[in-house]
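Secondary and tertiary structure notes
These are the residues of each chain, in order.
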Amino acid sequence: MTQEQQEQKQIRVGVLALQGAFAEHIILLNTLPQVSEAVAVRNAEEISKIDALVIPGGESTTMALIAERSGFWPALQAFVRTHPTWGTCAGLILLSECITSGGTLKGDQKLLGGLGISIKRNAFGTQKESFEAGLHVEGLEDAKRLFPGVFIRAPVIDEILKPEEVEVVAKLEQDYGKTPKGTIVAVKQGHLLGSAFHPELTHDNRMHLFFVKMALDWIAKHQK
């Protein structure tokens, strides 16, 4: 972050643009006065020029393969370990420590890790079972107004592996199919944020504001 950005309390946010809904994130981020610029990130050079990162929804396996085959994976993983990063849907999967399916560990997915959680992929079924759910998100601006959580072939957080470090910020308010009320759909841990839903597919920028303010706070405390 430049001295000018520090004074203006602005950051430059990158959105991983290997695959998935990255353009929608960029549009919403650019509506925020705290963001000097939101840009697409596809390689190590581009990620070195940002302050915070969003990993969008899409196909987590495809994103990991592209990053690995292009040689981008080490730089991406190093950034996630030391800089504010938000994973949505597929991005949440990539930030998790492990994936379960019906209680069985799955080892066929390369993960960035960082969030002390385990994930169940496609917890709500196929794309036909997509839905929107009103969510209370802890710490969100105008918190009394429900956030429109868009769930598309979404994962859920089935276990908190580090309860002393991971903060739950959103749960389902009611049952959806076989997924019960109270299922965790968003968490925060240090400089990392993860959500199972797609905030970029709404006109509500409060989740993006939540992440940017979280990133600014973390940067102010840790990157002097």
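An unreviewed UniProt entry annotates the protein as glutaminase of Linnemannia hyalina. What the UniProt record of the protein gives under Catalytic activity (unreviewed entry) is the line "L-glutamine + H2O = L-glutamate + NH4(+)".

**Considerations on the pattern of salt bridges**
Applying the stated criterion to the full structure yields eight salt bridges. Here K213 makes a salt bridge to E141, at a shortest N to O gap of 3.0 Å. One end of the pair, K213, is in helix α7 (residues 206-222); the other, E141, is in the loop between β8 (131-135) and β9 (147-151), and 72 residues separate them in sequence. Of the residues examined, K213 reaches a relative accessible area of 36% and is grouped as partly exposed. Assessed through its relative accessible area of 43%, E141 is described here as partly exposed. In this structure, the salt-bridge partner of R145 is D204, at a minimum N-O distance of 3.4 Å. You can see R145 sitting in the loop between β8 and β9 and its partner D204 sitting in the loop between β13 (192-195) and α7, a full 59 residues away along the chain. According to the relative accessible area criterion, R145 is partly exposed, its value standing at 42%. Overlapping salt bridges bring together D142, R145, D204 and R206 as one network.

The rules behind these values
Residues numbered from 1 in each chain as written. Predicted model: local features only at pLDDT ≥ 70, side-chain atom pairs only at ≥ 80, totals over all residues. Heavy atoms only, no water. UniProt positions renumbered as here; feature names shortened; annotations may be inferred. Salt bridge = Lys/Arg side-chain N within 4 Å of Asp/Glu carboxyl O. Helix = DSSP H or I, 4+ residues; strand = E, 2+ residues; numbered from the N terminus. Buried < 20%, exposed > 50% of the residue type's maximum accessible area, 1.4 Å probe, protein only.

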